[in-house]
Amino acid sequence: TTEPTTVPTTTEPEVYFDPLNGTILDAPFTGRIHGHTISNMQENMPHVNLVKADIVIETYVNMNNIVRCLALYSDASNVEAMGSIRSTRLVFNDLARHYDTLLVHAGGSGYVLDEANATGVEHLNVDQLYRSTTDPISAATAYRTKTRYSPYNLYANGPGLKAYCEAYGIST
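To start, this report covers the structure provided alongside it. Note that this is a predicted model, so its numbers are computed, not measured.

Once that is clear, we can look at the nonpolar core. By size, the foremost hydrophobic cluster in this structure holds 23 residues, and its most contacted members are Ile 85, Leu 124 and Val 126. Listed by contribution, the elements that provide at least two residues to this core are strand 5 (67-73), strand 7 (102-105), helix 3 (126-130), strand 10 (154-156) and helix 5 (158-167). In this structure, Ile 85 is in contact with His 36, Thr 37, Ile 38, Val 104, His 105, Ala 106, Val 126, Pro 151, Leu 154, Tyr 155 and Ala 156, ignoring residues within four places of it in sequence. Listed in part, the 12 residues of the second largest apolar core include Leu 20, Leu 95, Ala 96 and Ala 116.

So this is what it looks like as structure tokens:
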């Protein structure tokens, strides 16, 4: 008689990756990607901490020559300054839905903001939040520097955004 042959089975360990930069993680990614609208005009140079973004998508946002970036961060919580933050545009709503991002911006046209709300794009207007005089958590989401002139001087604050999201139940 012939004895049945058994083949030992081994289970490969799970490997988890950061969804933006491919870094191997110890556990599944449970964070929230942040998408920050960044000016790419000459007046905004040099950028602040754009190099810390995992992905930068540059696109024309009108028919002329205005170029903006959507900087995607898989973890923006430790980045003290990101910017300068500018108004959002329609194309960023599409990208925010694709990456399931929390869209961080400095306002936008009524049409673009209405479309974001109607299609489920979760977004924060840090220009409005940082002006809060009654809520220090909101005010800590961004700041304006005096070293540049407006509108190129608004910067998102990663630790402040994280605190705001935690305080108001927004997925981070």
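Side chains on a regular strand alternate between the two faces of the sheet. By the alternation rule, side chains of strand 7 split into Leu 102 and Val 104 and Leu 103 and His 105, which are all buried. Across 3 bridges, strand 3 (residues 34-39) lies against strand 7 in parallel orientation. Within strand 7, the residue paired with Gly 35 across the bridge is Leu 103. Alignment of strand 7 against strand 8 (residues 123-125), held across 3 bridges, turns out to be parallel. In the sheet register, His 105 faces strand 8, and the bridge partner there is Asn 125. Where the polypeptide runs from strand 7 across helix 2 (residues 110-118) and back to strand 8, its parallel neighbour, the crossover connection is right-handed.

Moving on, we come to the packing of aromatic side chains. Under the definition given, this model contains 3 aromatic pairs. Geometrically, the ring pair formed by Tyr 164 and Tyr 168 is tilted, given 4.6 Å between the ring centres and 40° between the ring planes. Accessibility expressed as a relative area gives 12% for Tyr 164, which makes it buried. It is Arg 86 that lies over the ring of Tyr 152; its NZ or CZ is 5.2 Å from the centre.

Here 5 strands make up an open sheet; going across it, the order is 4-5-3-7-8 and the pairing mixed. Sheet topology places strand 4 (55-60) and strand 8 at the edges, where each strand pairs with a single neighbour. Adjacent strand axes in the sheet meet at a mean angle of 20°, parallel and antiparallel pairs treated alike. Helix 5 contacts strand 3, strand 7 and strand 8 of the sheet and is inclined by roughly 120° relative to strand 8.

Calculation notes
Residues numbered from 1 in each chain as written. Predicted model: local features only at pLDDT ≥ 70, side-chain atom pairs only at ≥ 80, totals over all residues. Heavy atoms only, no water. Core = buried A, V, L, I, M, F, W, Y, C linked by side-chain atoms within 4.5 Å. Buried < 20%, exposed > 50% of the residue type's maximum accessible area, 1.4 Å probe, protein only. Helix = DSSP H or I, 4+ residues; strand = E, 2+ residues; numbered from the N terminus. Contact = heavy atoms within 4.5 Å. Pairing = 2+ DSSP bridges. Right-handed = clockwise from strand over helix to strand, strands pointing away. Phe/Tyr/Trp six-rings, centres within 6.5 Å; stacked < 30°, edge-to-face > 60°. Lys NZ or Arg CZ within 6 Å of the ring centre and 35° of its normal. Axes fitted to C-alpha atoms, helices over the stretch in contact; angles between N-to-C directions.

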